[in-house]
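Residues per chain are reported as follows:
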There are 2 protein chains.
Amino acid sequence: MLAAMTERTLTMTGALDPRGGWEAKRCPIAKALTVVGTRSAFVLLREAFYGTTRFDDFAERAALSEAVTAARLRELTEAGLLDRRPYRQSGQRTRYEYQLTEMGADLFPALAALFQWGDRWLAPAGVELRHHDCGGAVHAELRCADGHQVAVSDLDLAMKTADKHHR
Amino acid sequence: MLAAMTERTLTMTGALDPRGGWEAKRCPIAKALTVVGTRSAFVLLREAFYGTTRFDDFAERAALSEAVTAARLRELTEAGLLDRRPYRQSGQRTRYEYQLTEMGADLFPALAALFQWGDRWLAPAGVELRHHDCGGAVHAELRCADGHQVAVSDLDLAMKTADKHHR
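Residues numbered from 1 in each chain as written. Chains lettered and ligands numbered in written order. Predicted model: local features only at pLDDT ≥ 70, side-chain atom pairs only at ≥ 80, totals over all residues. Heavy atoms only, no water.

**Considering the overall build of chain A**
Okay, so step 1: Looking only at helices and strands, chain A features seven helices and six strands.
Okay, so step 2: Secondary structure elements of chain A occur, N-terminal to C-terminal, as α-β-α-α-α-α-β-β-α-α-β-β-β.
Okay, so step 3: Relative to its 167 residues, chain A shows a buried fraction of 51%.
Okay, so step 4: For chain A, the proportion of contacts with a sequence separation of at least 24, taken over those separated by at least 6, is 43%.
Okay, so step 5: In the form shown here, chain A has an accessible surface area of approximately 7600 Å², with 48% of it arising from carbon and sulfur atoms. (Helix = DSSP H or I, 4+ residues; strand = E, 2+ residues; numbered from the N terminus. Buried < 20%, exposed > 50% of the residue type's maximum accessible area, 1.4 Å probe, protein only. Contact = heavy atoms within 4.5 Å. Areas by Shrake-Rupley, 256 points an atom, 1.4 Å probe, with all protein chains shown as cover.)

Structural data, given as structure tokens:
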């Protein structure tokens, strides 16, 4: 039983061992989820990655109510993940479109990881992410600075230091 | 403006182009979030990856109420991400511990991606994930079956086929 558990957990090192040394309130996962902690936020971001920019398209394609869409787009804009820009078509009033900022675009690995997990464990979607240049199926994975692919059981959670491995 | 947008979106191909060809209800991201769509679910999974197994530890270390902890652990167990096993210490009543299943463990890349995003964009946590063997800092990234590192702008979303690239 211990062996099975060890394979699926990481190791906390140094000042973080025992686990009590880790203050949960500092956890960047929890902080990230205060910004994108809802299904609707993730689904709207997915649409932004698919190229959706306009309010009506977001609401329709994410299958969300206008009220929820408006609230989430406002939150994501205020948090810095989306950039809201005015545009006007001839003869119409000014409207706004939403585009991913660098901060928003940097969240894509998390969405890709959820995509592959949902596809593998819940319901095959019949679609896949592919590398445009070579056609190879794309997946999210963990790599270290030296280029090794890393399993959860090969991970340490450690206090950050200024050594050469620090990205 | 178009160029900036293009850099941060992927390309929908074949039957998925135009975007209307994609039925949002089939999206595996949305399906994944019906299972792990709450901040508390992610935080409890984080604790499981840190090696937490017992109810009281989950509640305390995730800073969640007992009611929320109980509801989430039950949902995650029923969904198949955690395995609930009885244990008994001498002289005490039977209790239960929770361990990640293969399905649960497979979600780690998503948590690692949220970890690095929160650390980069919201608040540096002062901790990092490291490769146990070489000490290199670990990050989540996108790779194709041929081993190329892939940016969002190099991605196609395509109908799955049975070609050689299908993982």
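**Quick word on the sheet that holds strand 4 (residues 127-131) of chain B**
Okay, so step 1: Strands sit in the order 1(A)-6(A)-4(B) across an open sheet of three strands; the sheet is mixed. Two strands lie at the open edges of the sheet, namely strand 1 (11-12) of chain A together with strand 4 of chain B, each paired on one side alone.
Okay, so step 2: Alignment of strand 1 of chain A against strand 6 (residues 155-159) of chain A, held across two bridges, turns out to be parallel. The residue bridging Thr11(A) from the neighbouring strand is Asp156(A), located in strand 6 of chain A.
Okay, so step 3: Helix 7 (residues 108-121) of chain B contacts strand 6 of chain A together with strand 4 of chain B of the sheet and is inclined by roughly 135° relative to strand 4 of chain B. (Pairing = 2+ DSSP bridges. Axes fitted to C-alpha atoms, helices over the stretch in contact; angles between N-to-C directions.)

**Some thoughts on the packing of helix 7 (residues 108-121) of chain A against helix 2 (residues 28-36) of chain B**
Okay, so step 1: Remark: helix 7 of chain A packs on helix 2 of chain B, axes separated minimally by 7 Å, with the N-to-C direction vectors making an angle of 85°. Taken together, the axes of helix 7 of chain A and helix 2 of chain B are roughly perpendicular relative to one another. Across from Leu111(A), Leu114(A), Phe115(A), Trp117(A), Gly118(A) and Asp119(A) in helix 7 of chain A, the residues of helix 2 of chain B making contact are Pro28(B), Ile29(B), Ala32(B), Leu33(B), Val35(B) and Val36(B).
Okay, so step 2: Counted by class, the contact of helix 7 of chain A with helix 2 of chain B contains ten nonpolar, one polar and one charged residues. (Parallel < 35°, antiparallel > 145°, perpendicular 65-115°, else oblique. Nonpolar A, V, L, I, M, F, W, Y, C, P; charged D, E, K, R; others polar.)

**Some thoughts on the interface of chain B and chain A**
How big an interface is tends to be stated in terms of accessible area lost as the parts join.
Okay, so step 1: Opposite the 97 residues of chain B that make contact, chain A presents 97 residues.
Okay, so step 2: For the pair chain B and chain A, the summed buried surface comes to about 10000 Å²; carbon and sulfur atoms form 65% of the total.
Okay, so step 3: Scanning the region where chain B abuts chain A turns up eight salt bridges.
Okay, so step 4: Of the charged contacts, one joins Asp119(B) and Lys160(A) as a salt bridge, the two residues approaching to 2.8 Å between their closest N and O atoms.
Okay, so step 5: If one sorts the elements of the side of chain B that touches chain A by residue count, helix 7 of chain B sits on top with 13 residues. (Buried area = accessible area lost by both parts, 1.4 Å probe. Salt bridge = Lys/Arg side-chain N within 4 Å of Asp/Glu carboxyl O.)

**Observations concerning the side chain of Gln99(A)**
All names here are of chain A.
Okay, so step 1: Note that glutamine 99 resides in strand 3 (residues 95-100).
Okay, so step 2: With relative accessibility at 6%, the residue glutamine 99 sits in the buried group.
Okay, so step 3: At a separation of 3.3 Å, a polar atom in the side chain of glutamine 99 contacts the side chain of arginine 85. (Polar contact = N/O pair within 3.5 Å; in protein donor to acceptor, adjacent residues only side chain to side chain.)

**Re helix 7 of chain A**
All names here are of chain A.
Okay, so step 1: The terminal C-alpha atoms of helix 7 lie 20 Å apart, and with 14 residues this matches the ideal 20 Å at 1.5 Å per residue to within 8%.
Okay, so step 2: Among the 14 residues that make up helix 7, eleven are buried, leaving the element largely enclosed by the rest of the structure.
Okay, so step 3: Inspection of helix 7 places Phe108, Pro109, Ala110, Leu111, Ala112, Ala113, Leu114, Phe115, Trp117, Gly118 and Asp119 among the buried residues, and these make up the whole buried set. (Expected span 1.5 Å × (residues − 1).)

**What about the pattern of salt bridges?**
All names here are of chain B.
Okay, so step 1: Summed over the entire model, instances satisfying the criterion amount to 20 salt bridges over all chains.
Okay, so step 2: A salt bridge links arginine 61 to glutamate 47; the shortest N-O distance between them is 2.7 Å. Placement of arginine 61 in helix 4 (residues 55-61) and of glutamate 47 in helix 3 (residues 39-49) is noted, with a sequence separation of 14 residues between them.
Okay, so step 3: Given a relative accessible area of 13%, arginine 61 falls into the buried group.
Okay, so step 4: On the accessibility criterion, glutamate 47 (0% relative accessible area) is buried.
Okay, so step 5: Put simply, arginine 143 and glutamate 141 hold a salt bridge, and the shortest N to O gap is 2.4 Å.
Okay, so step 6: Residue arginine 143 is classed as buried on the basis of its relative accessible area of 14%.

**A word on the relation of the copies chain B and chain A**
Okay, so step 1: Turning chain B through 180° and shifting it by 0.0 Å along the axis lays it on chain A, with an RMSD of 0.0 Å. The superposition operator between the copies reduces to a two-fold rotation axis. Of every C-alpha in chain B, the one belonging to Ala110(B) sits nearest the axis of rotation, 2.4 Å from it.
Okay, so step 2: With an isologous cut-off of 70% or more, the 100% of interface residues of chain B that recur at the interface of chain A puts this contact in the isologous class. (Least-squares fit on C-alpha atoms with pLDDT ≥ 70 in both.)

**A look at the sheet that holds strand 1 (residues 11-12) of chain B**
Okay, so step 1: Pairing in this open sheet of three strands is mixed, and the strands run 4(A)-6(B)-1(B) from one edge to the other. The open sheet has two edge strands with one neighbour each: strand 4 (127-131) of chain A together with strand 1 of chain B.
Okay, so step 2: Sitting on the sheet, helix 7 of chain A touches strand 4 of chain A together with strand 6 (155-159) of chain B, and the angle it makes with strand 4 of chain A is about 135°.

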